[in-house]
Amino acid sequence: MNVDRRLSDEIVDKVYEIYDNAFHHANSPVGVISCGQYYKSKNEIRLTVIDFGVGIPSKVGQFLNRHDLSAADTLRWAFKRGTTTKPSASKPGGLGLDFLKEFIQLNHGFLEIYSGGGFARIDANGEHYFNRTLGFGGTMVNITLICDDKNYRIFDGHVDDSSDEIAF
Amino acid sequence: MNTISVFDLVGEYAITVEDGQKVYDIIKPELDAQNPLEIDFANVSIYASPFFNVGIGQLLRDFSSDDLNRLVNFAHLSALGKKTLQRVIENAKRYYSMTEEERRIVDFVLNESSESET
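Residues numbered from 1 in each chain as written. Chains lettered and ligands numbered in written order. Predicted model: local features only at pLDDT ≥ 70, side-chain atom pairs only at ≥ 80, totals over all residues. Heavy atoms only, no water.

Draft legend 1. How the structure looks around the overall build of chain B. Across its full length, chain B carries seven helices and six strands. Listing every helix and strand of chain B by position from the N terminus yields β-α-β-α-β-β-α-α-α-β-α-α-β. Split into buried and exposed, the 118 residues of chain B put 49% on the buried side. Long-range contacts, defined as pairs at least 24 residues apart, comprise 83% of the intrachain contacts of chain B with a sequence gap of at least 6. (Helix = DSSP H or I, 4+ residues; strand = E, 2+ residues; numbered from the N terminus. Buried < 20%, exposed > 50% of the residue type's maximum accessible area, 1.4 Å probe, protein only. Contact = heavy atoms within 4.5 Å.)

Spelled out as structure tokens, the structure:
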């Protein structure tokens, strides 16, 4: 498998959030199950992460104290930049899924999440959120990434590579 | 100016909340004493937002942007690291400008109706 180093670093960076969520948010009684495969003919990586925890709809509904929200709406909230249910209220968070979403779209891959009664699919064409009559007792994330650096751009905006200047 | 090597503190992967806290715990007392700092990312290859949220973003709770711009410099951040950190800083400023109640407002997210699948 031959993947550009910058692309592989970016994949680890962005996909880490899925594992962080599964280990720290889900309260899964049996831990986290993950598997992946590289498909040489398509030059794709497919990765699946499953937990059998509380699920995003339940977690978000509880955090917002909005049990009237549909499962699809809780998923939409979870993918919005800056939203987080993490208990460390004095620390900012909630960018990981937003970064992952952006990366998937630039990469021309796709991401699917089944969680409780909700289903989301994110790809280059946009974000789609559904309510399902048959729920999943936890969260399952499927990610497909294209391993071709011609097919992706690290940046959606300009970053000056020549300076370490960061503005607070 | 003191230099803090992130690689010496957390190694090649700057991704976890726990490692971000280690960096914050070193930086905070220096900034409390008004000591200028260089935070050096040489040899760090992978960055993720949980690390930056806690290691750097949290400083915006304790210090003004003006103070941080005056006291903190970054060295050897990759282009990807810069992009991630700049967005973390923008998010942290927004986060600390909101009340707990405002953080739970959902209406701005839910303008579109969801599609349904049976």
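Draft legend 2. Seen up close, the environment of T84(A). All names here are of chain A. Position of T84 among the secondary structure elements: in the loop between α3 (71–78) and α4 (96–107). Sequence separation of T84 and F63 is 21 residues, and the distance between their C-alpha atoms is 9.0 Å. The contact partners of T84, leaving out residues within four places of it in the chain, are F63, W77, G93 and G94.

Draft legend 3. How the structure looks around a nonpolar patch on the surface. On the surface, a cluster of nonpolar side chains totalling about 270 Å² of accessible area is made up of V30(A), I33(A) and F52(A). Assessed through its relative accessible area of 56%, V30(A) is described here as exposed. (Patch = residues over 30% accessible without salt bridge, like charges linked within 9 Å, V, L, I, M, F, W, Y side chains within 5 Å. Areas by Shrake-Rupley, 256 points an atom, 1.4 Å probe, with all protein chains shown as cover. Salt bridge = Lys/Arg side-chain N within 4 Å of Asp/Glu carboxyl O.)

Draft legend 4. Structural context of the nonpolar core. In terms of nonpolar packing, the biggest core is built from 32 residues, with I27(B), L31(B), F41(B), F52(B), I56(B) and F74(B) touching the most fellow members. For this core, the elements supplying multiple residues, two or more each, are α1 (6–10), α2 (17–32), β3 (37–40), α3 (49–57), α4 (59–62), α5 (65–71), β5 (72–75) and α6 (79–97) of chain B. Setting aside residues up to four positions removed in sequence, I56(B) forms contacts with F168(A), I27(B), I39(B), F51(B), F74(B) and L85(B). (Core = buried A, V, L, I, M, F, W, Y, C linked by side-chain atoms within 4.5 Å.)

Draft legend 5. Highlighting the sheet that holds β3(B). Residue and element names in this part refer to chain B. The strand order β1-β3-β5 describes an open sheet built from three strands, whose pairing is parallel. Where the open sheet ends on each side, the last strands, each with one partner, are β1 (2–5) and β5. Between one strand axis and the next, the sheet turns through 25 degrees on average, direction left out of account. Judged from the four bridges that link them, β3 and β5 form a sheet pairing that is parallel. (Pairing = 2+ DSSP bridges. Axes fitted to C-alpha atoms, helices over the stretch in contact; angles between N-to-C directions.)

Draft legend 6. Summary view of the packing of aromatic side chains. By the definition in use, this model includes 12 aromatic pairs over all chains. Ring centres 4.5 Å apart and planes at 35 degrees place the aromatic pair Y114(A) and F119(A) in the tilted group. With a relative accessible area of 7%, F119(A) lands in the buried category. Taken together, a centroid distance of 5.2 Å and an interplanar angle of 85 degrees make the contact between Y95(B) and Y96(B) edge-to-face. Looking at Y95(B), the relative accessible area reads 7%, which means it is buried. (Phe/Tyr/Trp six-rings, centres within 6.5 Å; stacked < 30°, edge-to-face > 60°.)

Draft legend 7. Layout of the environment of S115(A). Residue and element names in this part refer to chain A. Among the structural elements, S115 can be located in strand β3 (residues 110–123). Given a relative accessible area of 0%, S115 falls into the buried group. Between the C-alpha atom of S115 and that of T74, which follows or precedes it by 41 residues, the distance is 10.0 Å. Setting aside chain neighbours within four positions, we find S115 in contact with G55, I56, P57, L75, F136, G138 and T139. Separated by 2.8 Å, the side chain of S115 and the backbone nitrogen of I56 make a polar contact. (Polar contact = N/O pair within 3.5 Å; in protein donor to acceptor, adjacent residues only side chain to side chain.)

Draft legend 8. Spotlight on the pattern of salt bridges. Evaluation of the coordinates by the stated rule reveals 16 salt bridges over all chains. For E102(A), the salt bridge identified is with K83(B), shortest N-O distance 2.6 Å. With one member in each of two chains, E102(A) in helix α4 and K83(B) in helix α6 form a pair that bridges those chains. Here E102(A) matches K83(B) in class, with each residue buried. Members of the salt-bridge network, linked through shared partners, are R81(A), D98(A), E102(A), K83(B) and R87(B).

Draft legend 9. Expanded view of the confidence of the model for chain B. Here chain B averages 88 in pLDDT, while 88% of its residues score no lower than 70. Both scores are given for the predicted complex: the pTM is 0.83, the ipTM 0.81. (pLDDT = per-residue confidence, 0-100.)

Draft legend 10. Looking closely at helix α2 (residues 56–64) of chain A. Residues and elements named next belong to chain A. Listing the buried residues of α2 in full gives I56, P57, V60, G61, F63 and L64. Viewed end-on, α2 has its buried residues packed into an arc of 165 degrees, placing them on one side of the element. Those residues of α2 hidden inside the fold are in contact with α3, β3 and β4 (126–146). Positive backbone phi, at 55 degrees, marks N65, one or two positions downstream of α2. (Arc of directions from axis to C-beta.)

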